Amino acid sequence: MAHFAQIDSNNIVKNVIVISNEMLHNSEGIEVEQIGIDFCKSLYGENTDWVQASYNDNIRKQYPSIDFIYDQTNDVFLSPKPFDSWILNSNFNWQAPKPYPSGNKTYDWNEEALLWDLFTPDSPYPSWTWNETEWMWDAPVAHPEDKQPYQWNEENLNWELITK
């Protein structure tokens, strides 16, 4: 299957479609991008602009999604810039002004402070605490060890057997 990205006048991807490879073949059976572009225009209108993409990232760096940017100069698709402070590196990847911390923890970029903040997911209940070692939320009371179904009762701060 062949993939084509529709771009607007600012080279922003507005649509990505899939067409049969046969729609790109010339009379000798060779795939030609312009034939695919012409086919896309026949479907969506002559005033539309199309660029072939690769689902396997074989051409134009990466497979685009809506709101990606097509950089005509470098003939690559770029993901949207995640933050104002990030810059495009020589491999056409967005890079934070500070490197991602090493280790096995997860961090979120803090644009206001221009640094990486340790990620902590939202607590399922106000009484639960974050267990940094296990990387999970812990209830104030251990879950019962039997194989019965339980649900947490925040009001009573205990596990209640589900009896439905």
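Here the structure is shown first, and the text comes after it.
Because the structure is a prediction, the values reported are computed rather than measured. (Residues numbered from 1 in each chain as written. Predicted model: local features only at pLDDT ≥ 70, side-chain atom pairs only at ≥ 80, totals over all residues. Heavy atoms only, no water.)

(A) Local environment of the packing of aromatic side chains. Under the counting rule described, the total for this entry stands at 16 aromatic pairs. With 5.4 Å between their ring centres and 45° between their planes, phenylalanine 83 and tryptophan 86 make a pair best called tilted. Phenylalanine 83 sits in the partly exposed class, given a relative accessible area of 28%. Note on tyrosine 100 and tyrosine 107: the rings are 5.6 Å apart at their centroids and 90° apart in plane angle, and the pair reads as edge-to-face. Grouping aromatic residues by their ring pairs yields a cluster made of Phe83, Trp86, Tyr100, Tyr107, Trp109 and Trp116. (Phe/Tyr/Trp six-rings, centres within 6.5 Å; stacked < 30°, edge-to-face > 60°. Buried < 20%, exposed > 50% of the residue type's maximum accessible area, 1.4 Å probe, protein only.)

(B) Geometry of helix H1 (residues 33–44). If you check H1, its first and last C-alpha atoms are 16 Å apart, about what 12 residues at 1.5 Å a residue would give, namely 16 Å. Each element contacted by the buried residues of H1 is listed here: strand E1 (2–7), strand E2 (13–19) and strand E3 (49–53). In the stretch just after H1, glycine 45 is the one whose phi turns positive, near 115°. (Helix = DSSP H or I, 4+ residues; strand = E, 2+ residues; numbered from the N terminus. Expected span 1.5 Å × (residues − 1). Contact = heavy atoms within 4.5 Å.)

(C) Broad picture of the sheet that holds E1. Strand order in the open sheet formed by three strands is E2-E1-E3, with antiparallel pairing between adjacent strands. In this open sheet, the two strands that pair with only one neighbour each are E2 and E3. Strand after strand, the sheet turns through a mean of 30° between neighbouring axes, direction not considered. Sheet analysis places E1 next to E2, joined by six bridges and oriented antiparallel. Paired with isoleucine 7 across the two strands is valine 13, which belongs to E2. (Pairing = 2+ DSSP bridges. Axes fitted to C-alpha atoms, helices over the stretch in contact; angles between N-to-C directions.)

(D) Looking closely at the pairing of E1. Most of E1 is tucked away, with six of its six residues classed as buried. Neither face of E1 is left uncovered, since the one carrying Ala2, Phe4 and Gln6 and the one carrying His3, Ala5 and Ile7 both have all their residues buried. Counted along the chain from E1 to the antiparallel partner E2, the turn is five residues long, and its residue asparagine 11 has a positive phi close to 65°. Judged from the five bridges that link them, E1 and E3 form a sheet pairing that is antiparallel. Paired with alanine 5 across the strands is valine 51, a residue of E3.

(E) A look at the environment of lysine 105. In this structure, lysine 105 sits in the loop between strand E7 (94–95) and strand E8 (107–110). Exposure remark for lysine 105: the relative accessible area of 35% places this residue in the partly exposed category. Sequence separation between lysine 105 and phenylalanine 119 is 14 residues, and the spatial gap between their C-alpha atoms is 7.9 Å. Sequence-distant contacts of lysine 105, defined by excluding residues within four places in its chain, comprise Tyr100, Leu118 and Glu132. Of the polar contacts made by the side chain of lysine 105, one reaches the side chain of glutamate 132; its length is 3.3 Å. (Polar contact = N/O pair within 3.5 Å; in protein donor to acceptor, adjacent residues only side chain to side chain.)

Nothing here speaks to function; it is all geometry.
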